[in-house]
Number of protein chains: 4
Amino acid sequence: MTLNIGVIGTGAIGREHIKRITNTLSGGKIVAVTDVNQESAKQAVEQYGLDAAVYPDDVSLVAANDVDAVFVTSWGPAHEASVLAAIAAGKYVFCEKPLATTAEGCMRIVEAEMKHGKRLVQVGFMRRYDSGYVQLKEAIDNKFIGEPLLIHCAHRNPEVNEMYTTDMAISDTLVHEIDVLHWLVDDDYKSVQVLFPRKSKYAHDNLRDPQIVILETHSGIIINVEISVNCQYGYDIQCEVVGEDGIVKLPEFQSITYRKNATLGSNILVDWKQRFLDAYDAELQDFMDSIKTTGEPNGPTAWDGYIAQVTADACVKSQQSGGKEEVVLADKPDFYKKGLETASL
Amino acid sequence: MTLNIGVIGTGAIGREHIKRITNTLSGGKIVAVTDVNQESAKQAVEQYGLDAAVYPDDVSLVAANDVDAVFVTSWGPAHEASVLAAIAAGKYVFCEKPLATTAEGCMRIVEAEMKHGKRLVQVGFMRRYDSGYVQLKEAIDNKFIGEPLLIHCAHRNPEVNEMYTTDMAISDTLVHEIDVLHWLVDDDYKSVQVLFPRKSKYAHDNLRDPQIVILETHSGIIINVEISVNCQYGYDIQCEVVGEDGIVKLPEFQSITYRKNATLGSNILVDWKQRFLDAYDAELQDFMDSIKTTGEPNGPTAWDGYIAQVTADACVKSQQSGGKEEVVLADKPDFYKKGLETASL
Amino acid sequence: MTLNIGVIGTGAIGREHIKRITNTLSGGKIVAVTDVNQESAKQAVEQYGLDAAVYPDDVSLVAANDVDAVFVTSWGPAHEASVLAAIAAGKYVFCEKPLATTAEGCMRIVEAEMKHGKRLVQVGFMRRYDSGYVQLKEAIDNKFIGEPLLIHCAHRNPEVNEMYTTDMAISDTLVHEIDVLHWLVDDDYKSVQVLFPRKSKYAHDNLRDPQIVILETHSGIIINVEISVNCQYGYDIQCEVVGEDGIVKLPEFQSITYRKNATLGSNILVDWKQRFLDAYDAELQDFMDSIKTTGEPNGPTAWDGYIAQVTADACVKSQQSGGKEEVVLADKPDFYKKGLETASL
Amino acid sequence: MTLNIGVIGTGAIGREHIKRITNTLSGGKIVAVTDVNQESAKQAVEQYGLDAAVYPDDVSLVAANDVDAVFVTSWGPAHEASVLAAIAAGKYVFCEKPLATTAEGCMRIVEAEMKHGKRLVQVGFMRRYDSGYVQLKEAIDNKFIGEPLLIHCAHRNPEVNEMYTTDMAISDTLVHEIDVLHWLVDDDYKSVQVLFPRKSKYAHDNLRDPQIVILETHSGIIINVEISVNCQYGYDIQCEVVGEDGIVKLPEFQSITYRKNATLGSNILVDWKQRFLDAYDAELQDFMDSIKTTGEPNGPTAWDGYIAQVTADACVKSQQSGGKEEVVLADKPDFYKKGLETASL
C-alpha cells in the first residue's frame, strides 16, 4: 500500500522531502507537485525523475483524486490556506512550521480539523523524532530524574545574514525549542521573558544577538534558552533537564575523536541541515506509517502548532516590552488529548 | 524502478532484511523466499504481508524470472552453493558472511564472478557503512593523521552461550575487524598471532576468553584486537588508529548523559543488534542504489570475502600453534582493483 | 624565613588551615590560637602537636609580638572586629568569607586598610586558585573566545539540613560565584534577579530550592546561576563562558572512567570538601609567599569582600521583592586598582 | 620535627626537588648539596637561598652528621655507589630511577638494605602517587572490575632528540609502566616481547619508533604498551585495565573544554614535566612523612627497583632477539613483603 503525496511548494525543503520519499523512505510516492513558480515545480519533477503531475495551484492539487496526503512546504504566509483546503478535502497534511503565521490562523485550522472529526494534520517539528530527544523523553517519562525542575538549553548557529531580524530568533529559531520542550515535560507554558545580553560584534545592526529566553510552565519548571545565531563555531543544540533526582542531557552530535596538535577534539557540525537528518527521515516515515496503521498521523498536532504560535507571539511581545509576558492559551480540546504524540521511535 | 529480491533463508537475519526492504528502505521488493524449513518461509511471507512466492529451494528461486537479486541469509555452509547458483544465473547476490566456509570455496566464487565478467556479489560486512568507520576512513584517506602505524581495537560482547567455542571468536567475531581494518588502511595482512590471557571466570569450559589477536600488514602496521565475549558490561566496539601525526578513534554509541547517584554516565548498548542498525540500512540501500545507477554492487566484494576467510584461517591456526602464522593470499586480480568500494556514505 | 601565624577560631575550617600550614605547606608556622571556646583552642594545639600559645581572645592574640599574620576562621558575625583589630595592629589577615556580615562592615575594613596604607587583608575566596577557573581566566584574558557575552553556571550540593534557609543559598552558596565571576570577566555587577522554579520535594519547608540567579554586569554580560542544594547526586560546580568567538567550560572533577553494568561512567564528588582541596592549598601558600616576596597579600582584597556583600544583599532583596534589584557599589578606590589579584597560579 | 636532607646531584631533577622541599612541601630542609660539578652545587645553594653546606662528594655528604636523608639525583651510573654509601651510613635514601643500571647492582643494594635491617631506600617511581593511578588501584583492590585480565597502555611523547636510542624506549620510558603496572595488579612479570611496527617518519635513523611491548604476568594478565616517542601531538599517558566484570581507565589530564572553529576540544599536555607535578609533590611529602611517623619510607622499594631493572633487561633482550623473553626474578625476600607500599594517598 503506497501513500500518494502531493507537494505544495518545491523550494529547498520541498525538494528535500521529495528526495526522501523517492529515494530513501518506504511506502510513499510523489504524484503531484505545485509551486507559485510553476517552472520550479516542473524542475522538481525532472530533477527526481518523478511520475507526478504539475498542478497550477494548491487548490487543484488538493482536489486531485490520486492525492492521499499533502505536504505544505511553501512559504509561511501561504500555509494556512493550503492546510484549510486540504482539511476541507479530507486529505492528510504534513505542514512545515509555522502551521499559520498567527494564533488565530492556527485556531482556524484546529477548528476545521475538529469539525472534520479526526486528525489529519501533522506539523513539521522534527525534533521529537531525534534519537537524543527521544532518549530524554523516555528518561523523564520513566521518572529516572524525578520531577523536572529546570531546563537549560542553547540553540546556536554559526552566522545569519542581514535578512535575519531580532524577532526571527523567536519565529525561526526558538520555535523548535518551544515545541519540543513542552512535549518533553508534558506541561504548558505560563509566561515568557526575553533578555538581551551584550551584543556580539558579529550581529548585524538590526539584530539583537545573543538573546536569552526564560519560559515558565504551569507546574513551575523554569527553562532558560540561549539563542546565539552568530556563535561562529558551529551549529550546536544543547538541552539539559534538571530533575529532583538527577539530570539528563542531550548527546553531542556523533563524531570521531582525535588527538592532534595538543588537542583532544571532536567535530562540531557547521551546517544545520546535517543535524536532524535522521529526524526528518523518521518524522516522514512515521507520518506515512501511522496513517497506514491507525488512519491518523501520530506526530505534532495542529494544537501543537497553535501552542507554538501563541508562545512565540508572547516572546516577541516580551522582546518589545522588556518584561515578562503571559502565555494565554485556549483550553485544550479533548480532541487533542487522545494520543501520545510520538512518545518513542 | 524497483529491484525484485529473492531471499534464501528466512531465519532471524533473513527476516530483518525482509523487514528493512519492505518497511524502511526505498526501491526494493521481496518477490520470492525460500528456506530449508518451508514453514518458516511461509511464515515470513505472512508476517510481513509480502506479495512473494515461496520456492522449494535456492536453485528454483534463483531461476525465477522476476528475481533480479538474491539475498543469501541461510546458514554459513549453504552460502557457497547459493552464491554460485546466482552467479550462474547472472543474478546479483547480497551474501551474509561468510561468503563460503573455506578459502577454496571463496576462491571458486571469485573465479565464477570473474568468468561472468562483472561484479554481482556483495558480502554483508556492514561496518564499512557505519558512520563512525566512514569518518575514520575519511580522516585516514585525507592524511589527517599521516601514515597509520598502529591500530588498537576491542570487540566485546556481554556474554555467549555454550555453543560458542574458541575458534568462533575468529569466525564469528573477529571477522568483522578483519574486513573493516584492511579496508580502513587499504593494506593487506601479512601475519597474525593469537594470545590467550588469563581466562575470565565467565568463560565456559571449552572457550578461551578473552583473546588478543595481533595482525601485521604488509606496510608494517600492527593491529591488536581484544576479543572479550563475556565482558558482562555491554556490547562495545572500539577502534583507535595511531598515525604519524595524530590519532583518530571511533565514537562511542550515542547516548544521553546523566548525572545521578554520584555518577556522570552514559548508556552502553547491551544488545549487539542495536549497534549497527543504521549500517545495515545503509548497506542494503547502497546495494540496491548502486546496482540501479552503475549496474554493479559497490560494497565489499567476493575478493574481500576471500581475504576474510584466508585471514580467519590463519588466526585459527595460530590459536592452535601458539605462534605467528603467515597470511598467504593469492595475487589480487585486476578485476577487483577497479572500484573504491564504499569510500563514503 | 617563616611566617608566624595566629588563628582566631579553631572550628572545622580553622583546624583544616592549621593542618595545612603544619603538615602540607611550606613557610608558615602556627604560633598562636584562640577560640571563644578555649577548650577547642587547647584541643587544636594538642591535635596537631603545635608549638603555639593559647590566647584568651582575638585582641590579645593579635597583639602578640611573634604573630605576623592572623587567620580569621571564627563564625561570620565575629569577623569584622577581628579583622579591624589586626589592621589596627598592622598585622596581615587571611579572613574566611564573609569579610563582614554587612556592606557597611566591609566598608569599615576597606577604609581601615586604606588608612593603614598598604594591603594587609586577603579574603578566603579560594576558587580563584582552582586550576579550572585559572584556565578559564587565562583563556578569557587571552581573548581565546573574544568578548564574553553570557555565563551559564550551576552550584549543586547533594543536600542540606534544616538550618539552611532560602537566603543562605545566597550568602553561603552563591557568594563563591559572585566573587569568582566578576574576577573572571573583570567587570562589575549592575543588577541581579532571583527566580524560584518548582520546588524540589527534597527541600525543607523553609527553603526554596532550586533557585536561579540572573546577574547582569555593566558591560551587559548576563550570567545565570542554578543553585540546587538538594540535587541528591553530588557536589557539582559548572561554569561555561560564552564569548563572541567560542565557549570555554570548567572541567569535570577528575575521575577514572569505567565501563560496567551497561554504563560508561565516571565519579562525581559527593563531599564538597574534596572539590577545592588544591585551591585551598594554593590560596594559603600564595598568601604566605606573596607577603614574603612583595610585602602584601596577592589574593582577593577587602574590596572584593565588599563587592560580594553588596551583591549578596541585592540578591536577598530580590528573593523578597521578586523583581530585579540594582547592585549599587561605591566607586572603586585607586588603592585597590594596583594589582592583578591572582591572575595565574 | 624537620628532616634534614642532602642532595647528590644538582642538575635539573635535583633542583626541582630542592625547590619542592624548600618552597612547597612541609617538614624537610636542604642542609647539604654536592655535585661532580661543584660550581653547579654552589649555584643551586644560591638560586634557592639555601642554608646548606656544599660537599666535595657523595661520601662526605652522606657522612655529615646533620644529614638525615639523601636524595640521589645524579646521573644513572652513579646511583648505586651513592645509595650503598647511604645505606652503609644508615641514612634514608630517595633515589631517582634507575636504582642501579644493572640487575646485579640493584641486588647489591637490596642485600645491603636487608643486612641493615630496616627499609631505608625509596625509588622515584612517582606514578604510584598520581591521583589517577591511585584511583585505578583502589578500584582494582576493591574488586570493582573483578580479576584483571588485560591492560592496554600508551606512553607517548611529542618528540625526542637524536640522543634517544631504541633501548631508551625501555630504560627511560617504559620503566615507569614496568613499575606502576605490577604494583597496580599486585603481580610479577613472567615474560616480555617487543614488536616493531612500521617506523614513523619522525623517528631518527638509530631509533625504532613506535614500539609495542607485550608483558605477561604470572597470573596470565597480558599487558600491551604502545611507546611512541615522536607522536607529535602531545605527552599522553593512557592506561585501561580490563577485568572480568568491567573496565577502569586513567582520566585524561584535566583541562577546560572549549567550542571553537567547529571543534569541541580540550588541551593535551605537551610538556611531560607538567603531567606528574602533583605526584612528585606527593611522593616526596610521603617519603618525609612516613619516615617521621613509621621510621621507614613507604614508597617503591629497592626490590621494586630490582624488578624494574630485570624486566627492562628482558625487554632490551627481546628488542634484539625479536622473540619472547622470560623475566627471571630472584625469590622475593620476606623483608619486602611486609608493607603495602603506597596503597592510597
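Quick notes on the rules
Residues numbered from 1 in each chain as written. Chains lettered and ligands numbered in written order. Predicted model: local features only at pLDDT ≥ 70, side-chain atom pairs only at ≥ 80, totals over all residues. Heavy atoms only, no water. Helix = DSSP H or I, 4+ residues; strand = E, 2+ residues; numbered from the N terminus. Rg over C-alpha atoms; globule rule 2.2 N^0.38 Å. Buried < 20%, exposed > 50% of the residue type's maximum accessible area, 1.4 Å probe, protein only. Contact = heavy atoms within 4.5 Å. Areas by Shrake-Rupley, 256 points an atom, 1.4 Å probe, with all protein chains shown as cover. Lys, Arg positive; Asp, Glu negative; His and termini not counted. Charge placed at Lys NZ, Arg CZ, Asp CG, Glu CD. Polar contact = N/O pair within 3.5 Å; in protein donor to acceptor, adjacent residues only side chain to side chain. UniProt positions renumbered as here; feature names shortened; annotations may be inferred. Expected span 1.5 Å × (residues − 1). Least-squares fit on C-alpha atoms with pLDDT ≥ 70 in both. Core = buried A, V, L, I, M, F, W, Y, C linked by side-chain atoms within 4.5 Å. Domains from an automatic or database assignment. Buried area = accessible area lost by both parts, 1.4 Å probe. Salt bridge = Lys/Arg side-chain N within 4 Å of Asp/Glu carboxyl O. Nonpolar A, V, L, I, M, F, W, Y, C, P; charged D, E, K, R; others polar. Pairing = 2+ DSSP bridges. Axes fitted to C-alpha atoms, helices over the stretch in contact; angles between N-to-C directions. Parallel < 35°, antiparallel > 145°, perpendicular 65-115°, else oblique.

Engineer: When you look at the overall build of chain A in this model, what are you seeing that I'm missing?
Structural biologist: Looking only at helices and strands, chain A features 10 helices and 15 strands. Its C-alpha radius of gyration of 20 Å places chain A within 12% of the 20 Å reference for a compact globule of 345 residues. Each principal axis of the C-alpha distribution contributes one length, and for chain A these read about 55 × 50 × 40 Å. Here chain A holds 345 residues, and 63% of them are scored as buried. Taking all contacts inside chain A whose residues are at least 6 apart in sequence as the whole, residues at least 24 apart take part in 72%. Here chain A has roughly 12600 Å² of accessible surface; of this, 50% comes from carbon and sulfur atoms. In chain A, 32 side chains carry a positive charge and 50 a negative one; their mean positions are 3 Å apart.

Engineer: I tried to follow the environment of C:Tyr258 on my own but got confused; where do I start?
Structural biologist: Within the secondary structure layout, C:Tyr258 lies in strand S13 (residues 257–260). Taking the relative accessible area as the measure of exposure, C:Tyr258 reaches 10% and is therefore buried. When neighbours within four sequence positions are excluded, C:Tyr258 is seen to be in contact with B:Thr263, C:Thr263, C:Leu264, C:Gly265, C:Ser266, C:Asn267, D:Phe144, D:Ile247 and D:Val248. Polar side-chain contacts of C:Tyr258 include one of 3.4 Å to the side chain of B:Thr263.

Engineer: Sorry if this is basic, but what is going on with the UniProt feature "domain: Gfo/Idh/MocA-like oxidoreductase C-terminal" (unreviewed entry) in chain A here?
Structural biologist: UniProt's feature table lists "domain: Gfo/Idh/MocA-like oxidoreductase C-terminal" (unreviewed entry) at residues 137–323 of chain A, given in the numbering used throughout. In residues 137–323 of chain A, the share of helix is 35% and the share of strand is 27%. The end C-alpha atoms are 31 Å apart.

Engineer: In this structure, what is going on with helix H1 (residues 12–24) of chain A? I would like to understand it.
Structural biologist: Helical geometry note: an α-helix holds 3.6 residues per turn, so side chains three or four residues apart project in the same direction. If you check H1(A), its first and last C-alpha atoms are 17 Å apart, about what 13 residues at 1.5 Å a residue would give, namely 18 Å. By the burial criterion, the buried members of H1(A) are A:Gly14, A:Arg15, A:His17, A:Ile18, A:Arg20 and A:Ile21.

Engineer: What is the right way to read the relation of the copies chain D and chain A from this model?
Structural biologist: Between the two copies of this chain, the relationship is a rotation about some axis together with a displacement along it. Rotating chain D by 180° and translating it 0.0 Å along the rotation axis places it on chain A, where the RMSD comes to 0.0 Å. Considering both components of the superposition, the chain copies are consistent with a two-fold axis. Closest approach to the rotation axis within chain D is made by the C-alpha atom of D:Gly265, at a distance of 2.1 Å. The fraction of interface residues of chain D whose copies in chain A are also interface residues reaches 100%, indicating that both copies meet through the same surface.

Engineer: Even after reading the chapter, I still don't get the nonpolar core, so can you show me in this structure?
Structural biologist: If you look at soluble globular proteins, the nonpolar side chains tend to sit buried side by side. If you look at the biggest cluster of nonpolar residues, it comprises 105 residues, and the most contacted ones within it are A:Val121, A:Tyr133, A:Leu181, A:Leu184 and A:Cys239. With 10 residues, the single largest contributor to this core is helix H7 (residues 168–185) of chain A. Summarising the domain contributions, this core has at least three residues from each of domain 1 (3–127 + 278–307 + 330–336) and domain 2 (128–270) of chain A. In this structure, A:Leu184 is in contact with A:Tyr133, A:Leu136, A:Lys137, A:Ile140, A:Cys239 and A:Val241, ignoring residues within four places of it in sequence. Listed in part, the 104 residues of the second largest apolar core include A:Tyr258, B:Ala103, B:Val175 and B:Leu284.

Engineer: What should I look at first to understand the interface of chain D and chain A in this one?
Structural biologist: You'll often see interface size given as the accessible area lost when the parts meet. Contacts between the two partners involve 17 residues from chain D and, on the opposite side, 17 residues from chain A. Each partner contributes to the roughly 1300 Å² buried at the junction of chain D and chain A, and carbon and sulfur atoms together form 49% of this total. Of all residues in chain D, D:Arg259, D:Ala262 and D:Leu264 bury the most surface against chain A, accounting for 45% of the area lost on that side. Taking the shortest distance from any N to any O, the salt bridge between A:Glu252 and D:Arg259 comes out at 2.7 Å. Summed over the shared surface of chain D and chain A, the result is 12 residue pairs in polar contact (both at pLDDT 80 or more). Of all the elements in the fold, those that place two or more residues in the side of chain D that touches chain A are strand S11 (236–243), strand S13 (257–260) and strand S14 (263–267) of chain D. In terms of residue class, the side of chain D that touches chain A is built from 6 nonpolar, 6 polar and 5 charged.

Engineer: Whenever I open this one, the environment of C:Ile145 confuses me. Can you help?
Structural biologist: Residue and element names in this part refer to chain C. Relative to the helices and strands, isoleucine 145 resides in the loop between helix H6 (131–141) and strand S7 (148–156). Residue classification places isoleucine 145 among the buried positions, given a relative accessible area of 0%. Excluding its chain neighbours within four sequence positions, the residues that come into contact with isoleucine 145 are Ala139, Ile140, Val241, Val242, Gly243, Glu244, Asp245, Gly246, Ile247 and Val248.

Engineer: Which parts of the structure should I look at to understand the sheet that holds strand S3 (residues 53–55) of chain A?
Structural biologist: Working definition: the strands of a sheet are paired by backbone hydrogen bonds and lie parallel or antiparallel to each other. All names here are of chain A. Strands sit in the order S3-S2-S1-S4-S5-S6 across an open sheet of 6 strands; the sheet is parallel. One side of each edge strand has no neighbouring strand; the edge strands of this open sheet are S3 and strand S6 (121–123). Neighbour-to-neighbour, the strand axes of the sheet open up by a mean angle of 25°, direction not taken into account. Strand direction decides the pairing type here: strand S1 (residues 3–8) and strand S2 (residues 28–34), joined by 6 bridges, are parallel. If you follow valine 7 over to S2, its bridge partner there is valine 33.

Engineer: Quick question: what am I supposed to make of the pairing of strand S10 (residues 222–228) of chain B here?
Structural biologist: Successive residues of a regular strand alternate their side chains across the two faces of the sheet. Residue and element names in this part refer to chain B. Here S10 lies mainly inside the structure; 7 of its 7 residues are buried. Relative to S10, strand S7 (residues 148–156) runs parallel, the two sharing 7 bridges. Note on S10: the bridge partner recorded for alanine 154 is glutamate 226. By the bridge criterion, 6 bridges tie strand S9 (residues 211–217) to S10 in an arrangement that is antiparallel. Within S10, the residue paired with valine 213 across the bridge is valine 225.

Engineer: Sorry if this is basic, but what is going on with the domain arrangement of chain A here?
Structural biologist: All names here are of chain A. Taken domain by domain, chain A comprises domain 1 (3–127 + 278–307 + 330–336) and domain 2 (128–270). Spacing between the C-alpha centres of domain 1 and domain 2 amounts to 27 Å. Taken together, the 14 residues of domain 1 in the interface contact 16 residues of domain 2. In this assembly, domain 1 packs against domain 2 so that about 1300 Å² is buried in total across both faces, 58% of it on carbon and sulfur atoms. Summed over the shared surface of domain 1 and domain 2, the result is 2 salt bridges.

Engineer: Looking at this model, I keep getting lost on the relation of the copies chain C and chain A. Mind explaining?
Structural biologist: At an RMSD of 0.0 Å, chain C and chain A line up after a rotation of 180° and a shift of 0.0 Å along the axis. An overlap of 100% is found between the interface residues of chain C and their copies at the interface of chain A, pointing to a shared contact surface.

Engineer: Is there a simple way to explain the packing of helix H6 (residues 131–141) of chain B against helix H7 (residues 168–185) of chain B in this structure?
Structural biologist: What describes two packed helices is the angle between their axes and the distance between those same axes. All names here are of chain B. Running from N to C, H6 and H7 cross one another at 30°; their axes reach a closest spacing of 9 Å. Classified by the angle their axes make, H6 and H7 are roughly parallel. Residues Tyr133, Leu136, Lys137 and Ile140 of H6 lie in contact with H7, whose contacting residues are Val180, Trp183 and Leu184.

Engineer: What is the right way to look at the side chain of C:Thr166 in this model?
Structural biologist: All names here are of chain C. Positionally, threonine 166 belongs in the loop between S7 and helix H7 (168–185). With relative accessibility at 15%, the residue threonine 166 sits in the buried group. With residues up to four places along the chain from it excluded, the contact list for threonine 166 reads Phe196, Asn206, Leu207, Arg208, Gln211 and Gln319.

Engineer: What should I look at first to understand the sheet that holds strand S3 (residues 53–55) of chain B in this one?
Structural biologist: Residue and element names in this part refer to chain B. Pairing within the open sheet is parallel, and its 6 strands lie in the order S3-S2-S1-S4-S5-S6. Edge positions in the open sheet fall to S3 and strand S6 (121–123), since each of these has one partner strand only. For this sheet, the mean inter-axis angle between neighbouring strands, taken without regard to orientation, is 25°. Sheet topology places strand S5 (residues 92–95) next to S6; 3 bridges connect them, and they run parallel. Note on S6: the bridge partner recorded for valine 93 is valine 121. With respect to the sheet, helix H9 (residues 277–294) is in contact with strand S1 (3–8), strand S2 (28–34), strand S4 (69–72), S5 and S6, its orientation differing from that of S5 by roughly 165°.

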